[in-house]
Amino acid sequence: MKLAEEFKTNIRIIDEQHSNLFEIVEKLKKIEGNIDDIELLIIEIFEYTKYHFSTEEEFWKKYSHELYEIQKKEHEAFKKLVESYIDEINKTDDLEKFKDDITLFLERWLKNHVLKEDTKLREYVKK
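Structure report, in brief.

Each aromatic ring pair is characterised by the separation of its centres together with the angle its planes make. Scanning the model with the defined rule gives 9 aromatic pairs in all. Ring centres of phenylalanine 7 and phenylalanine 22 lie 5.3 Å apart, and the angle between their planes is 55°; on these two criteria the pair is classed as tilted. Note that phenylalanine 7 is positioned in the segment before helix H1 (12-30) and phenylalanine 22 in helix H1, a separation of 15 residues in sequence. Ring geometry for tryptophan 60 versus tyrosine 124: centroids 5.9 Å apart, planes at 70°, classification edge-to-face. With tryptophan 60 in helix H2 (residues 35-63) and tyrosine 124 in the segment after helix H4 (95-116), this pair connects stretches of sequence that are 64 residues apart.

Dropping the structure here:
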């Protein structure tokens, strides 16, 4: 998936990782699978975000300690929310609604976070 210009940080590795995250969310959006398939994708998102957040936090730590702390807190909150979805999937009576809810949450959070927070890296890191 090609990342839209508005979402780019101009840091190749972070932009690639953002693109991968959006692709995984898109897979979740389109999946017609059973609970196990959906759970595996949510776990994939969770694991990939942990990997991505560690990469991103290294840049923040290097360029802005203040923003690093803010990013770290936001990332931790996100991971806790995704973990709660993983815990709740087996308790749901309406798998389609559950999938739609988490997909909507993930899309909104990622778009908002990348646009409002991550793109600030452009100011600190040259191409």
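Once the structure has been displayed, the description carries forward.
Summarising the element assignment, glutamine 71 is placed in helix H3 (residues 65-88). The residues touching glutamine 71, leaving out its near neighbours within four places in the chain, are Glu56, Glu57, Trp60, His113, Glu117 and Asp118.

Conventions used here
- Residues numbered from 1 in each chain as written.
- Predicted model: local features only at pLDDT ≥ 70, side-chain atom pairs only at ≥ 80, totals over all residues.
- Heavy atoms only, no water.
- Phe/Tyr/Trp six-rings, centres within 6.5 Å; stacked < 30°, edge-to-face > 60°.
- Helix = DSSP H or I, 4+ residues; strand = E, 2+ residues; numbered from the N terminus.
- Contact = heavy atoms within 4.5 Å.

By themselves, these figures tell us nothing about what the structure is for.
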